[in-house]
Amino acid sequence: ETGVTQSPTHLIKTRGQQVTLRCSSQSGHNTVSWYQQALGQGPQFIFQYYREEENGRGNFPPRFSGLQFPNYSSELNVNALELDDSALYLCASSLTNSGGGAFFGQGTRLTVV
Amino acid sequence: QKEVEQNSGPLSVPEGAIASLNCTYSDRGSQSFFWYRQYSGKSPELIMSIYSNGDKEDGRFTAQLNKASQYVSLLIRDSQPSDSATYLCAVSGAPASKLTFGTGTRLQVTL
């Protein structure tokens, strides 16, 4: 158990809808990153939040957006869902400048139909 | 060229043998290197981190780093069936910065 919790664990949405995924980071960790993992692939970096500000973004369109709250929890929002957005969405928490690696939550399996 | 490359496998080793997993990366500025284990349907679990050239041992696991060759490896001694999983290599440029993952190597430990 990493102490990183995500909700919901599974979700089915229709193409064109919007979705919000949530993440509570491990106690003491101030940095949250989101990753998308398609079947058979490694996780792909979406973006990272530190002190409530976006601190790096991967090659994802603007319809992927996020928030970090003062308690370091975070949300990932995806608008105008597409079939290719079906994937495992992973939240990872870490401590900036610690170099100790990132710890993942259990993930949210999103299916877009 | 992919940023982090791994052989997708499957790598099949008998129980009790040494499993050797390899990874190469393209960004010479990479500073931190990680191995994650991912069971089917689960999220990645951090098992090893390494930051300087050489070997780092933790129980049955040994991570090896060669920055000149841009090469990272993971050795699993006395492999057990419970080690059967996909092993993901990840690199980052700075502490707590984004991780770039390979596609993973699927390991099968046979009885």
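None of the values given here were measured: they were computed from a predicted structure. In this convention, every chain numbers its residues from 1, walking through the sequence in written order. Here the convention is simple: chains get letters from A, ligands get numbers from 1, in the order in which they are written. Residues qualify for local features only when their pLDDT is at least 70, as the model is predicted, and side-chain atom pairs are given and counted only at 80 or more; totals for whole chains, interfaces and linings, by contrast, use all residues. Hydrogens and waters are ignored; side-chain quantities use all the structure's heavy atoms.

The subject of this paragraph is the overall build of chain A. Looking only at helices and strands, chain A has 0 helices and 11 strands in total. Ordered by position in the sequence, the α and β elements of chain A form the string β-β-β-β-β-β-β-β-β-β-β. Against the globule reference of 13 Å for 113 residues, chain A gives a C-alpha radius of gyration of 13 Å, in line with a compact fold. When its C-alpha atoms are laid out on the principal axes, chain A stretches across 40 × 25 × 25 Å. Contact criterion: two residues are considered in contact whenever any of their non-hydrogen atoms come within 4.5 Å of each other. Long-range contacts, defined here as pairs at least 24 residues apart, represent 53% of the contacts in chain A between residues at least 6 apart. A total accessible area of about 5,400 Å² is found for chain A, and carbon and sulfur atoms account for 48% of it. Within chain A, one finds 7 positive and 8 negative side-chain charges whose respective centroids are separated by 5 Å. Only DSSP runs of H or I with at least four residues qualify as helices, and only runs of E with at least two residues qualify as strands; both kinds are numbered from the N terminus onward. For this measure, only C-alpha atoms enter the radius of gyration; the expected value for a globule follows 2.2 Å times N^0.38, where N is the number of residues. Surface accessibility in these figures is a Shrake-Rupley result with a 1.4 Å probe; residues are shielded only by whichever protein chains are displayed. Neither His nor the chain ends is counted toward charge; the positive residues are Lys and Arg and the negative residues Asp and Glu. In this description, the location of a charge corresponds to atom NZ of lysine, CZ of arginine, CG of aspartate or CD of glutamate.

Attention shifts here to the nonpolar core. Nonpolar cores were defined as sets of buried Ala, Val, Leu, Ile, Met, Phe, Trp, Tyr and Cys residues, with membership established by side-chain atoms within 4.5 Å. Categorising residues by exposure relies on relative accessible area from a 1.4 Å probe, with only protein chains included: less than 20% of the type maximum marks a residue as buried, more than 50% marks it as exposed, and the intermediate range marks it as partly exposed. Trp35, Val72, Leu74, Ile76 and Tyr87 of chain B are the most contacted members of the largest nonpolar core, which totals 23 residues. The set of elements that each furnish at least two residues to this core consists of β3 (19-25), β4 (32-38), β5 (45-50), β7 (61-66), β8 (71-76), β9 (85-92) and β11 (105-110) of chain B. Among the nonpolar cores identified, the runner-up in size contains 20 residues, and Phe64, Leu76, Leu81 and Cys91 of chain A belong to it.

If you trace the 5 strands from one edge of the open sheet to the other, you get β1-β3-β8-β7-β6 (chain B), paired in antiparallel fashion. Each having just a single partner strand, β1 (4-5) and β6 (54-58) of chain B make up the two edges of the open sheet. The criterion for strand pairing is that DSSP finds at least two bridges linking the strands in question.

Time to look at the sheet that holds strand β1 (residues 5-7) of chain A. Residues and elements named next belong to chain A. Read across the open sheet, the 4 strands follow the order β1-β3-β8-β7; overall the sheet is antiparallel. Strands at the two margins of the open sheet, each flanked by one partner only, are β1 and β7 (64-68). In this sheet, neighbouring strand axes are inclined to one another by 20° on average, regardless of whether the strands run parallel or antiparallel. Bridge count for β1 against strand β3 (residues 19-24) is 3 bridges, and the pairing is antiparallel. Bridge pairing in β3 links Gln6 to Cys23. Note on method: axes are straight lines fitted to C-alpha atoms, helices fitted across the in-contact stretch only, with angles between N-to-C directions ranging 0 to 180 degrees.

The next thing to look at is the pattern of salt bridges. Only one rule defines a salt bridge in this text: a Lys or Arg side-chain nitrogen within 4 Å of an Asp or Glu carboxyl oxygen. Applying the stated criterion to the full structure yields 7 salt bridges over all chains. Between Arg63 of chain A and Glu82 of chain A there is a salt bridge whose closest N-O contact spans 3.3 Å. Residue Arg63 of chain A is found in the loop between β6 (53-57) and β7, and its partner Glu82 of chain A is found in the loop between β8 (74-78) and β9 (87-94); the two are separated by 19 residues along the sequence. You can call Arg63 of chain A buried: its relative accessible area is 17%. Between Glu45 of chain B and Arg37 of chain B there is a salt bridge; the shortest N-O distance is 2.9 Å. On the accessibility criterion, Arg37 of chain B (13% relative accessible area) is buried. It is possible to trace a salt-bridge network through shared partners that takes in Arg63, Glu82 and Asp85 of chain A.

Keep in mind these values describe shape, not function.
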